[in-house]
Amino acid sequence: MATNRQKNIHEKLTEIAGNLWWSWQPEVTSIFRGIDPQRWTQLAHNPVKLLQEFSPEKLEQRAREEGLHSSINRAYRTWREYQEASDTWGSTHAGVLGHRQIAYFSAEFGIHESLPIYSGGLGVLAGDHLKSASDLGIPAVGVGLLYSEGYFSQRIDKNGWQEQDYAKIDSDSLPLRHAADPHGKPVVISVDTRGGKIFAQVWRVEVGRVSLYLLDTNIPDNSEEDRQLTARLYGGDQRIRVRQEVMLGVGGVRALTALGIRPRVVHMNEGHSAFAPLEIIRQRMHDDGMSFDDALRDVRSSCVFTTHTPVAAGHDRFDCGLVEEHVGPLADQIGLNAEGLMGLGRVDPQNSHETFCMTVLAFKLSRLANAVSSLHGVVSRRMWAGLWPWRSEEEIPIGHITNGVHVPTWLAAQMRNIYDRVLPQNWFLRSGEPQVWAGFEQVTPSELWETHQALKNRLIVYARRKLVEQGERRGASAAHMRAFSEALDPTKLTVGFARRFAPYKRADLLLRELDRLRDFINDAACPIQFVFAGKAHPRDDAGKEILQRVFQLTQEDDFIGKVVLLEDYDINLGRHLVQGVDVWLNNPRRPLEASGTSGQKVVLNGGLNCSILDGWWAEAFDGQNGFAIGSGRSHVDDAVQDARDAEQLFEVLTNEVIPLYYDRDTDELPQAWIKRMKRAVRTLGWRFNADRMVMDYVQESYVPAAGGLSCKIVPMP
Ligand SMILES: *Cc1c(COP(=O)(O)O)cnc(C)c1O
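**Examining the site of the ligand**
Move 1: Around the ligand sit 13 residues in total, of which Gly121, Trp410, Thr597, Ser598 and Lys601 are the nearest.
Move 2: Put simply, the parts of the chain that give the shell around the ligand at least two residues each are helix H9 (121-136) and helix H26 (598-604).
Move 3: Its residues placed into classes, the shell around the ligand shows four nonpolar, five polar and four charged.
Move 4: A domain-level breakdown of the shell around the ligand finds at least three residues from each of domain 2 (89-403 + 696-705) and domain 3 (420-462 + 492-683).

Structure, rendered in structure tokens:
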């Protein structure tokens, strides 16, 4: 307590800004915003940078002017209590894990927009996983790469073509620290390749109670080429990719060893990190004198794997030469010859025509494997049946744990006030339990609607500002600039569509019937407006062409200001969108969406999903908690499926979504619509959140892999 009193508010806030915990505390965010709203926006919500601009005296003065003292002290107390809490869910349900940690390996982590080491859903999922692990008190560490230029930021030129900007991240203005070994020495590790060693330093980022370790090859020990190895996420060719993955898997394990961390369970989030178990096998053989077979059996029993890709071509594959060059030295040490090594990455080890597949390696080196939704489980069991040729499809050992989103991260502060009032006290500590959410039915319709409208207005203000900036940069005409500054109308049905512009996600499905779309948008009584956002992969020209078509539409007279495209989809833009739209549209080519999570963020904030019955929505839709496009059919011919789905999309909009939205009572409230909003929150909130997801991982995956017996608890209805 003594140190507590001695700390001034600059020190308190600096301590808070040094842990990404702040990013899911709306009270803390509003303190940073309150200090200087304009700088907060200009600095892209980076509190470390903000505090660097204030001396303790100047901050003291600002806090006095703005009356921030008591909220700063309260936030600091909450932060301290969070750090010190011992009665967590994990302490009662994951005791068998003891003090040894779960090591969660992922090529990307999306925690906050100020740390751009994610490209999309996979990374945001990993970030949400760590946050929930922290909240639940699960002993865990994350392992990833620090991309010094991050993922790109997107600009769209006046022809609608995507340009990529890579900006160097500045480690001094992020909560990054050099990770130190037990003697306090900064950790540098190396991995061996046929061409020599590649070195990496290790950074530590605190995510609540969880530490995330990030490897970074940009150090003088490396050649110029290797210094660039971790510069960009998914930015390189196959050779860079295999080298990044060796660094993530092998280097990641070596970093943990150097830090004195011996994980109890290794969780591979997607196949990128599948070399990790090989390095642990090497260590066991070396340290404990085990044979390869014994070490393999032992290590495998504590590794678990989550597959994310239902597209056959989406799995990382490397040819023999690349694997031998980068993993050969490790294979030598564990007594595997070239064929033995390649065999681990092949469905049929003897088939010399098969390339080395990271997903196959991960399956072969893990005890438990899971897909990320129920439907994705079916698809994955079919896709990988060849690995277990003696089993029938239903018996293929790939289960599923459906993805969820971290509630405090994605729930708008205004909506949270409602939750705080109608749900039980400390509801956010028990968000995986259905009965906790039942109280949402008590919200009065007008209050829910007004809150939703306020959030929608906030989205519109934000969108206009972005549209004006974009228009200025492209030199738009005065008429267009006016349209941007008045874009979108808060009284209109507002549909959001934001995700990677991968062709299977079909951002252009609506555009197949332009005349109908034009009629919808310009309907005098019941108009719809659309907000699009999303990046195409830098080397995906088909995705960029779809983006270009959407862009061109947004510039046409009939559509301008009514169909808008916001550049540079990231966590910040995502937050505005999922909190402000009426409807979230998702129309992937079934069954290619493994799970999808953005629609879950929308649910929490009172938006309704209108989606193909794919990914999570296939197990979530109950007829009244949103809308379904079609009935869950697929067709082997993409063209047939696309035409059919487009037709059904227009049908559901015409027959269900639009009439329900514009059906108002005498107070102008859409009562039936609001009923659906409530039902969505109540029936979906408890299931599709990251606490429930992490609890499932603990009970179905981590505890068994740690040698305990599964203790799945079925919540009472
Ligand atoms: C949630 C999120 C995603 C993932 O959404 P999908 O539904 O899987 O497309 C991607 N990008 C960002 C920035 C997100 O916040």
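**Here's the deal with the confidence of the model for the chain**
Move 1: For the chain, the mean per-residue pLDDT works out to 95, and 98% of the residues sit at or above 70.
Move 2: Across residues 711-717, where pLDDT falls below 50, the model places eleven contacts with residues more than four positions away in sequence or in other chains.

**Some details on the pairing of strand S17 (residues 563-566)**
Move 1: Covered by surrounding structure in S17 are Val563 and Leu565 together with Val564 and Leu566, the residues of both alternating faces.
Move 2: In the sheet, strand S16 (residues 528-533) pairs with S17 via four bridges, with the strands oriented parallel. Across the sheet, Phe532 pairs through a bridge with Leu565, a residue of S17.
Move 3: Between S16 and its parallel partner S17, the chain crosses via helix H24 (residues 541-554), and the hand of that crossover is right-handed.

**Some points on the packing of aromatic side chains**
Move 1: Counting across every chain of the model gives 28 aromatic pairs.
Move 2: For the pair Trp22 and Phe32, a centre-to-centre distance of 5.7 Å together with 85° between the ring planes defines the contact as edge-to-face. On the criterion of sequence distance, the pair formed by Trp22 in the loop between helix H2 (9-17) and helix H3 (26-35) and Phe32 in helix H3 is long-range, its members being ten residues apart. Neither Trp22 nor Phe32 differs from the other in exposure class; each is buried.
Move 3: Judged by centre distance (5.6 Å) and plane angle (80°), the rings of Tyr419 and Trp437 are edge-to-face. In this pair, Tyr419 sits in helix H19 (residues 413-422) while Trp437 sits in helix H20 (residues 434-437), placing the two residues 18 residues apart along the sequence.
Move 4: The exposure class assigned to Tyr419 is buried, which follows from its relative accessible area of 0%.
Move 5: Directly above the ring of Phe152 sits Lys535, whose terminal nitrogen or CZ lies 5.1 Å from the centroid.
Move 6: The ring of Trp410 has Lys601 sitting right over it, with the charged end atom 4.0 Å from the ring centre.

**Details of the sheet that holds strand S20 (residues 627-629)**
Move 1: Spatially, S17-S16-S15-S18-S19-S20 is the arrangement adopted by the six strands of the open sheet, whose pairing is parallel. In this open sheet, the two edge strands, each paired with only one partner strand, are S17 and S20. Ignoring which end each strand starts from, the neighbouring axes of this sheet average 20° apart.
Move 2: As judged from the six bridges shared by strand S15 (residues 493-498) and S16, these two strands associate in the parallel manner. Paired with Gly496 across the strands is Val531, a residue of S16.
Move 3: Set on the sheet, helix H21 (residues 445-474) makes contact with S15 and S17; between it and S17 the angle comes to about 70°.
Move 4: Helix-sheet contacts for helix H25 (residues 571-580) involve S15, S16, S17 and strand S18 (583-586), and the interaxial angle to S16 is about 160°.

**Concerning the pairing of strand S13 (residues 368-371)**
Move 1: Summarising the sheet, strand S10 (residues 303-306) and S13 pair through three bridges and their orientation is parallel. Paired with Phe305 across the two strands is Ala369, which belongs to S13.
Move 2: Relative to strand S14 (residues 398-400), S13 is paired through three bridges, and the arrangement is parallel. Pairing of Ala371 across the sheet is with His400, part of S14.
Move 3: At this point the chain moves from S13, through helix H17 (residues 374-383), to the parallel S14, and the crossover so formed is right-handed.

**Focus: the pattern of salt bridges**
Move 1: Taken as a whole and assessed by the stated rule, the structure comprises 48 salt bridges.
Move 2: With a shortest N-O distance of 2.7 Å, Lys197 and Asp192 are connected by a salt bridge.
Move 3: With a relative accessible area of 23%, Asp192 lands in the partly exposed category.
Move 4: Several salt bridges share partner residues, and in doing so they unite Asp192, Lys197, Arg254, Glu279 and Arg282 into one network.

**Some remarks on H24**
Move 1: The end-to-end C-alpha separation of H24 is 20 Å, in line with the 20 Å expected for 14 residues at 1.5 Å each.
Move 2: If you check which residues of H24 are buried, you get Gly543, Lys544, Ile546, Leu547, Gln548, Val550, Phe551, Leu553 and Thr554.
Move 3: Close packing links the buried residues of H24 with strand S3 (153-156), strand S4 (162-165), H21, helix H23 (514-521), S16 and S17.
Move 4: The residue sitting at the N-terminus of H24 and contributing the capping side-chain oxygen is Asp540; that oxygen lies 3.3 Å from the backbone nitrogen of Ala542.

**Details of the environment of Leu125**
Move 1: Within the fold, Leu125 resides in helix H9.
Move 2: In sequence terms Leu125 and Pro389 are 264 residues apart; their C-alpha atoms lie 32 Å from each other.
Move 3: Contacts of Leu125, omitting those with residues within four sequence positions, involve Tyr104, Asn269, His308, Asn403, Gly404, Thr597 and Met693.

**With respect to the nonpolar core**
Move 1: By size, the foremost hydrophobic cluster in this structure holds 137 residues, and its most contacted members are Phe32, Ile138, Phe275 and Leu278.
Move 2: Counting only domains with at least three residues in this core, you end up with domain 1 (9-84) and domain 2 (89-403 + 696-705).
Move 3: With 100 residues, the next largest nonpolar core counts Leu511, Leu613, Ala628 and Leu684 among its residues.

**Thoughts on the domain arrangement of the chain**
How big an interface is tends to be stated in terms of accessible area lost as the parts join.
Move 1: Assigned domains within the chain: domain 1 (9-84), domain 2 (89-403 + 696-705) and domain 3 (420-462 + 492-683).
Move 2: Computed over C-alpha atoms only, the centres of domain 1 and domain 3 are separated by 34 Å.

**Quick word on the packing of H21 against helix H29 (residues 671-684)**
Move 1: Packing of H21 against H29 leaves a shortest axis separation of 10 Å and a crossing angle of 80°. In terms of their interaxial angle, H21 and H29 are classed as roughly perpendicular. Counted together, Pro445, Leu448, Trp449 and His452 of H21 and Gln671, Trp673, Ile674, Met677 and Lys678 of H29 form the full contact between these two elements.
Move 2: For the contact of H21 with H29, the per-class residue count stands at six nonpolar, two polar and one charged.

**Here's the deal with H3**
Move 1: Every buried residue belonging to H3 is among Val28, Thr29, Ile31, Phe32 and Ile35, and all of these are buried. One face of H3 carries all of its buried residues, which in axial projection span an arc of 155°.
Move 2: For H3, the secondary structure elements touched by its buried residues are H2, helix H4 (37-42), helix H5 (47-52), helix H6 (56-66) and helix H7 (69-84).

**With respect to the environment of Ile629**
Move 1: Tracing the backbone shows Ile629 in strand S20.
Move 2: With 44 residues separating them along the chain, Ile629 and Leu585 place their C-alpha atoms 9.5 Å apart.
Move 3: Those residues in contact with Ile629, other than ones at most four positions away along the chain, are Leu585, Asn586, Asn587, Cys610, Ser611, Ile612, Leu613, Asp645, Gln648, Leu649 and Val652.

**Some thoughts on the packing of helix H28 (residues 638-662) against H29**
Move 1: At their nearest, the axes of H28 and H29 sit 6 Å apart, and the two run at 110° to each other. It follows that H28 is roughly perpendicular to H29 by the angle criterion. Taking contact as the criterion, the partners of Glu656, Val657, Leu660 and Tyr661 in H28 are, on H29, Ala672, Trp673 and Arg676.
Move 2: Considered class by class, the residues forming the contact of H28 with H29 number five nonpolar, no polar and two charged.

Each value, and the rule that gives it
Each chain has its residues counted from 1, following the order in which its sequence is written. With the structure being a predicted model, the display of local features is reserved for residues of pLDDT at least 70 and the display and counting of side-chain atom pairs for 80 or more, all residues being used for whole-chain, interface and lining totals. The basis for every side-chain value is the complete set of non-hydrogen atoms in the structure, without hydrogens or water. We call a residue near a given molecule or strand whenever any one of its heavy atoms falls within 4 Å of it. Helix and strand assignments come from DSSP, with helices taken as H or I runs of at least 4 residues and strands as E runs of at least 2, each series counted from the N terminus. Each residue receives one of three labels: charged for Asp, Glu, Lys and Arg, nonpolar for Ala, Val, Leu, Ile, Met, Phe, Trp, Tyr, Cys and Pro, and polar for the others, Gly being one of them. Domain limits in this description derive from either an automatic procedure or a database domain assignment. Each residue carries a pLDDT value, the predictor's own confidence for that position, ranging from 0 to 100. The contact rule is simple, with two residues in contact once any of their heavy atoms fall within 4.5 Å. Burial classification: accessible surface area is computed with a 1.4 Å probe over protein chains only, and a residue below 20% of its type maximum counts as buried, one above 50% as exposed, and the rest as partly exposed. We treat two strands as partners when DSSP finds at least two bridges between them. Handedness of a crossover is defined as follows: orient the strands so they point away from the viewer, and if the path from the first strand over the helix to the second runs clockwise, the crossover is right-handed. Within 6.5 Å between ring centres, the rings of Phe, Tyr and Trp (the latter by its six-membered ring) count as paired, and their orientation is classed by plane angle as stacked under 30 degrees, edge-to-face over 60, tilted in between. Whether a charge sits over a ring comes down to the Lys NZ or Arg CZ being within 6 Å of the ring centre and within 35 degrees of the ring normal. Axis definition: a line fit to C-alpha positions, over the contact stretch in the case of helices; interaxial angles, taken between N-to-C directions, run 0 to 180 degrees. Each salt bridge in this description consists of a side-chain nitrogen of Lys or Arg and a carboxyl oxygen of Asp or Glu lying within 4 Å of one another. The span one expects for a helix is its residue count, reduced by one, times 1.5 Å. Definition of a polar contact: a pair of N or O atoms within 3.5 Å, with one able to donate and the other able to accept a hydrogen when the atoms are protein atoms, and with sequence-neighbouring residues admitted only if both atoms are side-chain atoms. In these notes, a set of buried Ala, Val, Leu, Ile, Met, Phe, Trp, Tyr and Cys residues joined through side-chain atoms within 4.5 Å is what counts as a nonpolar core. Roughly parallel refers to an angle under 35 degrees, roughly antiparallel to one over 145, roughly perpendicular to one between 65 and 115, and oblique to any angle outside these ranges. Taken from the helix axis, the directions to the C-beta atoms give the arc we talk about.

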